[in-house]
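Secondary and tertiary structure notes
Each chain, written out:
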Amino acid sequence: MTENLPPSRPARSVAVLGTGIMGFPMARNLAGAGAGAGLEVRAWNRTRAKAEPLAAHGVRVTDTPAEAVDGADAVLTMLYDGPAALEAMRQAAPALRPGMVWAQSTTAGLGALDALAAFARESGLVFVDAPVLGTKQPAESGQLLVLAAGPEPARIVLAPVFDGVGGRTLWVGERGEEGAASRLKLVANSWVLTVTNGTAEALALAKGLGVDPRAFLDAVAGGPLDMGYLKAKAELLLSGRLEASFATRTAEKDARLIVEAGERAGVRLDVAAAGAERFRRATEQGHGDEDMVASYFASFDEG
């Protein structure tokens, strides 16, 4: 993807652009024991106040993306969507240097990924498509699954970065095939969002029919229809504790990226499209910043 090659040594410093639900714990882990001896970490977030607590963990919080990437061995982007990641990198452009490795972890979708990869080529960066599987809890414990596709030399550079944020790294695609990791991420997310909406709808139907939701959980317990994810998401609803590990508004964004990817491939994804609409309605009802299982409320006229 570029003739500029990264240094053949593990990164010692990394810039993290985006410190939201996922980026914050990732930056914290990179600066601490999760990355072995720890890395020099600089972090930027559009709302600086959200990044400020990272200073207590040894992270240097910066005012601009350019300050964050200046002199870093690698850049990791974990922002809301592709356009946000591209804008942050454009702001960082004055301090980017040829051969710098860019691990792009934002769930951007295939259309936006094209623009991100093009920017990398124009800037002489070594682009690694590196979305992650997991939500807030595995991000906090450094146990994300990193899906990565990129040129072989970048693997050496990013080894301490990926080890710091994840429990395992899965390199996919042949010869760093562009977009291979993002395509796998979309497939995995399509399953996650389907199970989430299925859980929400089953519990909504239980309410409508006057069925004890725990009787439903007991009925499937221990059988082939049982799963840990069902129990976890159901418990969030039943307890009323909907703190987001993956926010409803973000789930809508991802569902639409999945539908768009299917359209590009000639695959019709009716369930994903309906799921996106459920997430939209729940967000409109005021549940956008709650956990995505709040799509439950989309089953009723009022949230």
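Residues numbered from 1 in each chain as written. Predicted model: local features only at pLDDT ≥ 70, side-chain atom pairs only at ≥ 80, totals over all residues. Heavy atoms only, no water.

1. Things to note about the overall build of the protein
- Helix and strand counts for the protein come out as twelve helices and nine strands.
- Relative to a compact globule of 303 residues, whose C-alpha radius of gyration would be 19 Å, the protein shows 20 Å and is just as compact.
- The dimensions of the protein, computed from C-alpha atoms along their principal axes, are 60 × 45 × 35 Å.
- Long-range contacts, defined here as pairs at least 24 residues apart, represent 70% of the contacts in the protein between residues at least 6 apart.
- On the protein, the mean spot of the 30 positive side-chain charges and the mean spot of the 36 negative ones are 2 Å from each other. (Helix = DSSP H or I, 4+ residues; strand = E, 2+ residues; numbered from the N terminus. Rg over C-alpha atoms; globule rule 2.2 N^0.38 Å. Contact = heavy atoms within 4.5 Å. Lys, Arg positive; Asp, Glu negative; His and termini not counted. Charge placed at Lys NZ, Arg CZ, Asp CG, Glu CD.)

2. Some words on the side chain of Thr-196
- Among the structural elements, Thr-196 can be located in helix H8 (residues 180-209).
- Among the residues examined, Thr-196 registers a relative accessible area of 0% and is labelled buried.
- Non-local contacts of Thr-196, meaning those with residues more than four positions away in its chain, are made with Tyr-229, Lys-233, Met-292 and Val-293. (Buried < 20%, exposed > 50% of the residue type's maximum accessible area, 1.4 Å probe, protein only.)

3. Focus: the sheet that holds strand S8 (residues 144-148)
- Taking strand neighbours across the sheet as the criterion, the three strands line up as S7-S8-S9 in an open arrangement whose pairing is mixed. Single-partner strands in this sheet number two, and they are strand S7 (132-133) and strand S9 (166-171).
- Both S7 and S8 contribute to a ladder of two bridges, which runs antiparallel. Within S8, the position partnered with Val-132 by the bridge is Val-146.
- Across the sheet, helix H7 (residues 152-165) lies against S8 and S9, angled at about 140° from S9, the strand it touches most. (Pairing = 2+ DSSP bridges. Axes fitted to C-alpha atoms, helices over the stretch in contact; angles between N-to-C directions.)

4. Some details on the nonpolar core
- Within the largest apolar cluster, 35 residues are counted, with the highest numbers of intra-cluster contacts made by Val-41, Val-161 and Phe-162.
- Put simply, the parts of the chain that give this core at least two residues each are strand S1 (13-17), helix H1 (23-31), strand S2 (40-44), strand S4 (74-77), strand S5 (101-104), strand S6 (126-129), S8 and H7.
- If you tally residues by element for this core, the top one is H7, at six residues.
- Excluding residues within four positions of it along the chain, Val-161 makes contact with Ala-11, Val-14, Leu-30, Leu-39 and Leu-76. (Core = buried A, V, L, I, M, F, W, Y, C linked by side-chain atoms within 4.5 Å.)

5. Digging into the pattern of salt bridges
- Enumeration according to the criterion identifies 19 salt bridges in this entry.
- Taking the shortest distance from any N to any O, the salt bridge between Glu-277 and Arg-256 comes out at 4.0 Å. Remark: Arg-256 occurs in helix H11 (residues 248-264) and Glu-277 occurs in helix H12 (residues 270-287); sequence separation between them is 21 residues.
- Across the pair Arg-280 and Glu-277 runs a salt bridge, and its minimum N-O distance is 2.6 Å. Here Arg-280 and its partner Glu-277 are both found in helix H12, three residues apart, which amounts to about one turn of the helix. (Salt bridge = Lys/Arg side-chain N within 4 Å of Asp/Glu carboxyl O.)

6. Here's the deal with the packing of helix H5 (residues 109-123) against H11
- The geometry of H5 relative to H11 is characterised by a closest axis approach of 7 Å and an angle of 85° between their N-to-C directions. With respect to H11, the axis of H5 lies roughly perpendicular. Within the contact between the two elements, H5 uses Gly-109, Leu-110, Gly-111 and Asp-114 and H11 uses Leu-257, Ala-261 and Arg-264.
- Across the contact of H5 with H11, the residue classes tally to three nonpolar, two polar and two charged. (Parallel < 35°, antiparallel > 145°, perpendicular 65-115°, else oblique. Nonpolar A, V, L, I, M, F, W, Y, C, P; charged D, E, K, R; others polar.)

7. Overview of the packing of aromatic side chains
- As enumerated under the stated definition, the model contains five aromatic pairs in all.
- Residues Phe-162 and Trp-171 carry aromatic rings whose centres are separated by 6.0 Å and whose planes lie at 50° to one another, so their mutual orientation is tilted.
- The class for Trp-171 is partly exposed, based on a relative accessible area of 23%.
- Put simply, the rings of Trp-102, Phe-119 and Phe-127 pair up and form one aromatic cluster.
- Over the ring of Phe-300 we find Lys-207, and its NZ or CZ is 5.0 Å from the ring centre.
- In this structure, Lys-253 is placed above the aromatic ring of Tyr-80, and the distance from its NZ or CZ to the ring centre is 5.3 Å. (Phe/Tyr/Trp six-rings, centres within 6.5 Å; stacked < 30°, edge-to-face > 60°. Lys NZ or Arg CZ within 6 Å of the ring centre and 35° of its normal.)

8. Some thoughts on the side chain of Asp-226
- If you trace the backbone, Asp-226 turns up in the loop between helix H9 (213-220) and helix H10 (228-239).
- A polar contact of 2.8 Å, which involves the side chain of Asp-226, links it to the backbone nitrogen of Gly-222.
- Only 3.2 Å separates the side chain of Asp-226 from the side chain of Lys-231, close enough to count as a polar contact.
- When near neighbours in sequence (up to four residues on either side) are disregarded, Asp-226 contacts Val-220, Ala-221 and Lys-231. (Polar contact = N/O pair within 3.5 Å; in protein donor to acceptor, adjacent residues only side chain to side chain.)

9. Considerations on the environment of Val-69
- Mapping Val-69 onto the fold places it in helix H3 (residues 65-69).
- In this structure, the C-alpha to C-alpha distance between Val-69 and Glu-201, residues 132 residues apart in sequence, is 44 Å.
- Every residue in contact with Val-69, bar those within four places of it in the chain, is listed here: Ala-15, Leu-17, Arg-42, Val-75, Ala-92, Ala-95, Leu-96 and Met-100.

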